[in-house]
Amino acid sequence: MSVFVVVGMQWGDEGKGKIIDLLTEQADVVARYQGGHNAGHTIIFDGNKYILHLIPSGIFRADKKCVIGNGVVIDPAALAEEMQMLKKLGFDYDGRLLISDRANIILPYHRISDQQKEGDSGSRKIGTTGRGIGPTYSDKIARVGLRTCDFIDASQLQETIKSNYEEKKKILKNLYGENLPDLCEIVDQMLAHREMFVKYVGNTQSFLRDQIAEGKKILCEGAQGTMLDVDHGTYPFVTSSNSTAGGACTGLGIPPGKITRAIGVIKAYTTRVGEGPFPTELHDGYGEQLRNDGAEFGSTTGRPRRCGWFDAVVGRYAVELNGIDKVTLTKVDVLDQLDTIHVCTGYRHNGKAVAGMPASLAVLEQCEPVYTEYPGWQQSTSGIRSFEKLPDNARRYVDSLQDHLGVEIPLVSTGPGREETIMRGELL
Ligand code: IMP
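Residues numbered from 1 in each chain as written. Predicted model: local features only at pLDDT ≥ 70, side-chain atom pairs only at ≥ 80, totals over all residues. Heavy atoms only, no water.

Here we come to the overall build of the protein chain. A count of helices and strands for the protein chain gives 13 helices and 20 strands. Whereas a compact globule of 428 residues would reach a radius of gyration of roughly 22 Å, the protein chain reaches 22 Å, a difference of no more than 12%. In the protein chain, which comprises 428 residues, the proportion classed as buried is 57%. Expressed as a percentage of contacts within the protein chain between residues at least 6 apart in sequence, the contacts between residues at least 24 apart total 76%. Accessible surface, the protein chain as shown: approximately 17,300 Å² in total, 47% of it carbon and sulfur. (Helix = DSSP H or I, 4+ residues; strand = E, 2+ residues; numbered from the N terminus. Rg over C-alpha atoms; globule rule 2.2 N^0.38 Å. Buried < 20%, exposed > 50% of the residue type's maximum accessible area, 1.4 Å probe, protein only. Contact = heavy atoms within 4.5 Å. Areas by Shrake-Rupley, 256 points an atom, 1.4 Å probe, with all protein chains shown as cover.)

Below, the structure is given as structure tokens:
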């Protein structure tokens, strides 16, 4: 029996898509446990690039089952679009795609509310993806959400939307002067995609537990990253779900004792999209170089990502919080041209060393990073597949990150393709 959780260790965009795609080869089931189509997982193989937002990337391998868990929030139009894209490309998912009957649905009023709140000068801008994620999770917690099981019976779907409609209409009108489409129009929009996905909806929670009992290997796929977790991240500049490893239990219905291992994914430098504190952010030519060489533009929104040095405080926090004992390091090749590289090994606040990750945003915003400097290697590592073939300074850099994190780094990625990978130890 083995259940692995793959979790991002920074603010998302660590390159989880590639790592999950690689690990999927050894799994039977890939299960996504939180988030929605705010995420974008990029996978490159056979010279083609694919971006998935909701469906686990395991769908590209014909013998794998893929689960969208109860912890995920689903926009039916976005899901239908992804399913159509897969069909068009010739990837068949019948009998392989399973959608939890308990996942909450993103409705038009969630999206409108997300976008309006972000545009409202009176409220604090989070820099969300504008996909309605936060308002949908708010309704889930407020116990007024629409769920996938409501799609099985069309009259139930209509009833649930109707019971919320008047309140949502008034709120949007009074707060933002926005007119919500007619109730019938919203119901029709929902029903338009019903046929496409309703046959895949079922009890994924018991399916997963049965698979575990049969000794199958389950890969639990987290979206976003540790620092965007609603409880443990840089609140309130976070997403609205638990992206950390614990989210796999609640978001899939897997008992905690069944989780075998948490595998972390971390980039050789740091990025974040949207607002919020980012202690090692670079506003100079190095930041620009990382953005350009790393193609650091959001795969969901296209927004330029903020770039900075590797932050070992964030990394250690992620290791401890998720119980990570193996780390995969991505995008080492992006550092190839730099003459010097910095790693943040601690924070100082008001001249004093800070222990751990501060909860207070005000404190974190004033923290000064303490850096250790490493010489660059200024030669290409792109596509290198053996650790010994890396330049000396690149090997030293990877080894020192391993020391800073205090856990093994058995996989180093030197490019976006499946084969552009160094395996120097066991991961699973
Ligand atoms: P939301 O998830 O759309 O509500 O956005 C909340 C915050 O999380 C914003 O700063 C987003 O930029 C960030 N975010 C959401 N999804 C991702 C992701 O997949 N990668 C990186 N950042 C993300």
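For the rest of this paragraph, the subject is unusual backbone geometry. In the segment running from Tyr 235 into Pro 236, the intervening peptide bond is cis, with an omega of 5°. Along the chain, Pro 236 turns up in the loop between β10 (217–221) and α9 (247–252). For Asp 13, which is not glycine, the phi torsion reads 60° and is therefore positive. Assignment of secondary structure puts Asp 13 in the loop between β1 (2–8) and α1 (16–24).

Within the largest apolar cluster, 53 residues are counted, with the highest numbers of intra-cluster contacts made by Leu 208, Cys 220, Phe 310, Leu 329, Leu 335 and Tyr 397. If you tally residues by element for this core, the top one is helix α13 (residues 392–405), at five residues. Ignoring sequence-local partners within four residues, the contact set of Tyr 397 consists of Ala 268, Phe 310, Leu 335, Ile 341, Val 343, Tyr 374 and Trp 377. In this structure, Tyr 50, Phe 60, Ile 68 and Ile 112 belong to the second largest nonpolar core, which totals 41 residues. (Core = buried A, V, L, I, M, F, W, Y, C linked by side-chain atoms within 4.5 Å.)

A few words now on the domain arrangement of the protein chain. Each assigned domain of the protein chain is listed with its residue range as follows: domain 1 (2–101 + 203–423) and domain 2 (104–199). Just the C-alpha atoms count here: the centres of domain 1 and domain 2 sit 29 Å apart. With 34 residues of domain 1 at the interface, the matching set in domain 2 holds 25 residues. Carbon and sulfur atoms make up 62% of the surface buried where domain 1 meets domain 2, a total of about 2,400 Å² over both sides. It is Val 73, Pro 76 and Asp 101 that lose the most area in domain 1 upon contact with domain 2, and together they represent 23% of the buried surface on that side. At the boundary of domain 1 with domain 2, the tally comes to two salt bridges. (Domains from an automatic or database assignment. Buried area = accessible area lost by both parts, 1.4 Å probe. Salt bridge = Lys/Arg side-chain N within 4 Å of Asp/Glu carboxyl O.)

Turning next to the packing of helix α5 (residues 154–176) against helix α6 (residues 183–192). Packing of α5 against α6 brings their axes to within 10 Å, and their N-to-C directions diverge by 140°. Our classification of the angle between α5 and α6 gives oblique. As α5 packs across α6, the resulting crossing turns out to be right-handed. Between α5 and α6, the contacting residues are Ala 154, Leu 157, Gln 158, Ile 161, Lys 162 and Tyr 165 on the first element and Leu 183, Ile 186, Val 187, Met 190 and Leu 191 on the second. (Axes fitted to C-alpha atoms, helices over the stretch in contact; angles between N-to-C directions. Parallel < 35°, antiparallel > 145°, perpendicular 65-115°, else oblique. Left-handed = near helix turned anticlockwise from the far one by under 90°.)

To continue, consider helix α2 (residues 76–89). Along its 14 residues, α2 runs 20 Å from first to last C-alpha, staying within 8% of the 20 Å computed at 1.5 Å per residue. If you check the start of α2, you find a side-chain oxygen 2.9 Å away from the backbone N of Ala 77, and it comes from Asp 75. (Expected span 1.5 Å × (residues − 1). Polar contact = N/O pair within 3.5 Å; in protein donor to acceptor, adjacent residues only side chain to side chain.)

Among the 15 residues in the neighbourhood of the ligand, the closest are listed as Asp 13, Asn 38, Thr 129, Thr 239 and Arg 303. Within the backbone of Gly 127, an N or O atom sits 3.3 Å from an oxygen atom of the ligand. Contact distances for the ligand include 2.9 Å between an oxygen atom and a side-chain N or O atom of Arg 303. For the ligand, whose free accessible area comes to 470 Å², the fraction covered by protein is 96%. Of the residues belonging to the shell around the ligand, the class tally is six nonpolar, seven polar and two charged. Structurally, the shell around the ligand is a two-domain feature, drawing no fewer than three residues from each of domain 1 (2–101 + 203–423) and domain 2 (104–199). (Near = heavy atom within 4 Å. Nonpolar A, V, L, I, M, F, W, Y, C, P; charged D, E, K, R; others polar.)

Attention now goes to the side chain of Ser 113. Along the chain, Ser 113 turns up in helix α3 (residues 108–119). What makes Ser 113 buried here is its relative accessible area of 18%. If near-sequence neighbours (up to four positions away) are discounted, Ser 113 is found in contact with Pro 135, Leu 172 and Tyr 176.

Bringing the pattern of salt bridges into the picture now. Pairing between side chains becomes possible if they bear opposite charge and their charged atoms approach one another. Throughout the structure, instances matching the rule amount to 20 salt bridges. Between Lys 331 and Glu 296 there is a salt bridge whose closest N-O contact spans 3.0 Å. Linking Lys 331 in the loop between β15 (324–330) and β16 (340–349) with Glu 296 in the loop between α10 (285–293) and β13 (306–308), this pair joins segments that are 35 residues apart in sequence. For Lys 331, a relative accessible area of 22% corresponds to the partly exposed category. Several salt bridges share partner residues, and in doing so they unite Asp 13, Lys 267, Glu 296, Arg 305 and Lys 331 into one network.

Turning to the packing of aromatic side chains, a few remarks are in order. Tallying each qualifying case throughout the model produces 12 aromatic pairs. Residues Tyr 374 and Tyr 397 carry aromatic rings whose centres are separated by 5.9 Å and whose planes lie at 80° to one another, so their mutual orientation is edge-to-face. Here Tyr 374 is found in strand β18 (residues 368–375), whereas its partner Tyr 397 is found in helix α13, with 23 residues between them in sequence. What makes Tyr 374 buried here is its relative accessible area of 16%. Looking at Tyr 397, the relative accessible area reads 1%, which means it is buried. Note on Trp 377 and Tyr 397: the rings are 5.9 Å apart at their centroids and 50° apart in plane angle, and the pair reads as tilted. Of the two residues, Trp 377 sits in the loop between β18 and α13 while Tyr 397 sits in helix α13, which places them 20 residues apart along the sequence. Each of the two residues, Trp 377 as well as Tyr 397, counts as buried. (Phe/Tyr/Trp six-rings, centres within 6.5 Å; stacked < 30°, edge-to-face > 60°.)

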